[in-house]
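Examining the three-dimensional arrangement
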Amino acid sequence: MGLIVQKFGGSSVADADKIRNVSRIITETYRRGHSVVAVLSAQGDTTDDLIEKAKEINPNASRREMDMLLSTGEQISCSLCAMAIEAMGYPVISLTGWQAGMRTNSNYSNARISRINTERIQNELDKKSIVIVTGFQGINKYDDITTLGRGGSDTSAVALAAALHADLCQIYTDVDGVYTADPRHVKGARKLEEITFDEMLELATLGAQVLHNRSVEMAKRYNVNLEVISSFSGNPGTKVKEVVKKMEKTHVSGVAKDKDIARLALVGLADQPGIAFKIFSLLAKEKVNVDIILQSIGRGESKDISFTVAKGDKELAKKVLEDNKEYLGFDHIDVNDEIAKVSIVGAGMINNPGVAAKMFEALYNGGINIHMISTSEIKVSVLVDVADADRAVQVIHDKFFSEING
Ligand code: ADP
Ligand code: ASP
Ligand code: MG
């Protein structure tokens, strides 16, 4: 008997039948004697549709007004789910982010949760009600509605689980758990019984959208008992935890892909000390996050520096650098957004020097050219042409996992 936070993603609540299905999962948990807080996303493609609607009216709408609009999607799914549970005869109440005490900073469209005042939820739980909370949103110090960034309902759920000291946080979705690669696109992808917070954080950050990366960060910080599970199949899911029982013999847990990036190259920079400092401090001042960086060996007096940014930051990064062309002293900027980052993640790779070579061999055998490489203790990322990205994931996955599947 305990408190369980259950989060249901957009595809799990996409229509009336699916809302009834989710309501059954919630009420069965309640009938087993647990207190239940359910966090819901907007139905199906609602959030995308709302963004399109806004663009028709004003393509440059302020982020505050966008948050006002986008937060409504979750309000619809939560009220409908509460109605379904009401019809089943259970005590239930739906709450918006602000009613649920979800306070955030004022970074509209990508707000961070600052604290949760759990009093209202706790009162409702004490009255034995099932509580349904809108994911993805909160309010800031001006009492304005904020949203947490795309995919942010996972973070709402984990934050609530942490604040309420829940016994378990279940992320219900449209696949059976966390796989070695996206099971919708990669043949032979297999479900992991468990994965460490660190590996999951890397996978989520490197493009595996199954969990919002900030939700994993938060689960690690507050040691939330976290599980990813299907809304539909009834199969056991994947446990995400600090330490897992066994490492795979390949030492790689998964392969991820991110197409949402662009590569900028500053060509013909003077080969002098201080250039990298100047470039990246200009970008940092504009809050442009830089990922992989590559500097060429100087050719005579000049060198090139290339780096990647999120696609959304491409224009800003280019403008900042071009505005400072004289100060930096380069010939021209080359921009390429027809690229993708493909990564392998695994806590076991640090002691296994052969892992990166094995990844490069897979790409070589697939005839796929690598533009840039970056490594850390638990990941290796390569930049490839976007046209090669899906195939790159498949050949890398085959290389590391075929013997396990075969
Ligand atoms: P939800 O609407 O439930 O939040 P998302 O679409 O955000 O669901 O995330 C689930 C999707 O993540 C899956 O349908 C799958 O295609 C994708 N995905 C990408 N990488 C992985 C992975 N390694 N394991 C499982 N799913 C993944
Ligand atoms: N509805 C929001 C989105 O589509 C939040 C979420 O689904 O987690 O991004
Ligand atoms: Mg999601």
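Data block above holds the structure.
About the thresholds
- Residues numbered from 1 in each chain as written.
- Chains lettered and ligands numbered in written order.
- Predicted model: local features only at pLDDT ≥ 70, side-chain atom pairs only at ≥ 80, totals over all residues.
- Heavy atoms only, no water.
- Pairing = 2+ DSSP bridges.
- Helix = DSSP H or I, 4+ residues; strand = E, 2+ residues; numbered from the N terminus.
- Axes fitted to C-alpha atoms, helices over the stretch in contact; angles between N-to-C directions.
- Buried < 20%, exposed > 50% of the residue type's maximum accessible area, 1.4 Å probe, protein only.
- Contact = heavy atoms within 4.5 Å.
- Near = heavy atom within 4 Å.
- Polar contact = N/O pair within 3.5 Å; in protein donor to acceptor, adjacent residues only side chain to side chain.
- Areas by Shrake-Rupley, 256 points an atom, 1.4 Å probe, with all protein chains shown as cover.

Here we look at the sheet that holds strand β11 (residues 226–230)
Taken in spatial order, the eight strands line up as β3-β6-β2-β1-β9-β11-β12-β10 in an open sheet, and their pairing is mixed. Whereas interior strands pair on both sides, the edge strands pair on one side only; in this sheet they are β3 (92–95) and β10 (194–196). In this sheet, adjacent strand axes meet at a mean angle of 20° when their direction is disregarded. As paired elements, strand β1 (residues 3–8) and strand β9 (residues 168–173) share five bridges and run parallel to each other. The residue of β9 that forms the bridge with Phe-8 is Tyr-172.

Description of the environment of Met-1
Take Met-1: it is sitting in the segment before β1. The exposure class of Met-1 is exposed, given its relative accessible area of 80%. Separated by 28 residues in sequence, Met-1 and Thr-29 have C-alpha atoms that sit 9.9 Å apart. In this view, Met-1 contacts Arg-32, Gly-33 and His-34; residues no more than four positions away in its chain are not counted.

Some thoughts on the site of ligand 1
Not every one of the 18 residues close to ligand 1 is listed here, only the nearest: Thr-173, Asp-174, Tyr-179, Asp-182 and Arg-184. One of the backbone N or O atoms of Tyr-179 is found 2.9 Å from a nitrogen atom in ligand 1. Contacts to ligand 1 include Arg-184, whose side-chain N or O atom sits 2.8 Å from an oxygen atom. Contact with the protein chains removes 87% of the 570 Å² of surface that ligand 1 exposes when unbound.

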